[in-house]
Amino acid sequence: MKQNNSFNERTYDLLKKVPKGKVTTYKALAEKLGTKAYRAVGQAMRCNPYAPKVPCHRVVSSDGSIGGFSGNKNSNSKEVKRKIRMLNKESIKIKNNRIVDFEEKLFYFG
DNA sequence: CGGTTGACCAAGT
DNA sequence: GACTTGGCCAACC
């Protein structure tokens, strides 16, 4: 249990625990971290210094939408889109920027 | 320390 | 269903 790290470090560690073929939400992460800073989690993802270690593409909104980062027009948007395709392979189907059977793929810690 | 921002959420319009 | 408002919390200036 490493809690001496910064908030974002804990976020990454928790996100790392998400199994393959599953997704989680900012809310789940934040609440599991003992806070409600959903947005802070998002900021940590935006920073995302642990690209492959932290599957930010596996994090979605509570509505089942991929989030503002998938359709992002930034430079790294293509990277994410590629990850979305990978999610498709992981049995996570994305339809109209929404996850099919969202709750089914959702992985809540604990 | 205070104001702004952010990959959010929930509820209301 | 899309947009707006208020609220939450952390990071940045």
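Placed above this text is the structure.
Calculation notes
- Residues numbered from 1 in each chain as written.
- Chains lettered and ligands numbered in written order.
- Predicted model: local features only at pLDDT ≥ 70, side-chain atom pairs only at ≥ 80, totals over all residues.
- Heavy atoms only, no water.
- Helix = DSSP H or I, 4+ residues; strand = E, 2+ residues; numbered from the N terminus.
- Contact = heavy atoms within 4.5 Å.
- Near = heavy atom within 4 Å.
- Polar contact = N/O pair within 3.5 Å; in protein donor to acceptor, adjacent residues only side chain to side chain.
- Salt bridge = Lys/Arg side-chain N within 4 Å of Asp/Glu carboxyl O.
- Buried < 20%, exposed > 50% of the residue type's maximum accessible area, 1.4 Å probe, protein only.
- Phe/Tyr/Trp six-rings, centres within 6.5 Å; stacked < 30°, edge-to-face > 60°.

Some remarks on the environment of R98
Then, number 1: Residue position: R98 is located in strand 4 (residues 98–99).
Then, number 2: With residues near it in sequence (within four places) discarded, R98 still touches D63, G64, S65 and K93.

Here we look at the protein's contact with DNA strand C
Then, number 1: Lining the immediate surroundings of DNA strand C are F7, T35, K36, A37, R39, A40 and Q43.
Then, number 2: The sugar-phosphate backbone supplies 79% of the atoms of DNA strand C found within 4 Å of the protein.
Then, number 3: At a separation of 3.2 Å, a sugar or linking oxygen of DNA strand C approaches a polar side-chain atom of T35.
Then, number 4: In this structure, Q43 approaches DNA strand C through a side-chain N or O atom, which is 3.5 Å from a sugar or linking oxygen.

A short note on the pattern of salt bridges
Then, number 1: Summed over the entire model, instances satisfying the criterion amount to 4 salt bridges.
Then, number 2: Note that K16 and D13 form a salt bridge whose closest N and O atoms lie 3.7 Å from each other. In this pair, K16 and D13 are both assigned in helix 1 (residues 7–16), 3 residues apart and thus about one turn of the helix distant.
Then, number 3: Taking the shortest distance from any N to any O, the salt bridge between E104 and K105 comes out at 3.4 Å.
Then, number 4: One continuous salt-bridge network, built from bridges that share partners, spans D13, K16 and K17.

Quick look at the environment of I84
Then, number 1: Inspection of the secondary structure assignment puts I84 in helix 4 (residues 77–89).
Then, number 2: By relative accessible area, I84 is classed as buried at 12%.
Then, number 3: Considered as a pair, I84 and S70 are 14 residues apart in the sequence and their alpha carbons are 7.9 Å apart.
Then, number 4: Beyond its immediate chain neighbours, meaning those up to four positions away, I84 contacts I66 and I94.

Comments concerning the packing of aromatic side chains
Then, number 1: Tallied over the entire structure, the rule returns 2 aromatic pairs.
Then, number 2: Arranged with centres 5.1 Å apart and planes meeting at 50 degrees, the rings of Y12 and Y50 form a pair that is tilted. Of this pair, Y12 sits in helix 1 while Y50 sits in the loop between helix 3 (38–47) and strand 2 (59–60); the two residues are 38 residues apart in sequence, bridging distant segments of the chain.
Then, number 3: Judged by relative accessible area, which is 2%, Y12 ranks as buried.
Then, number 4: Ring geometry for F107 versus F109: centroids 5.3 Å apart, planes at 80 degrees, classification edge-to-face.

Function-wise, these values are silent; they only describe arrangement.
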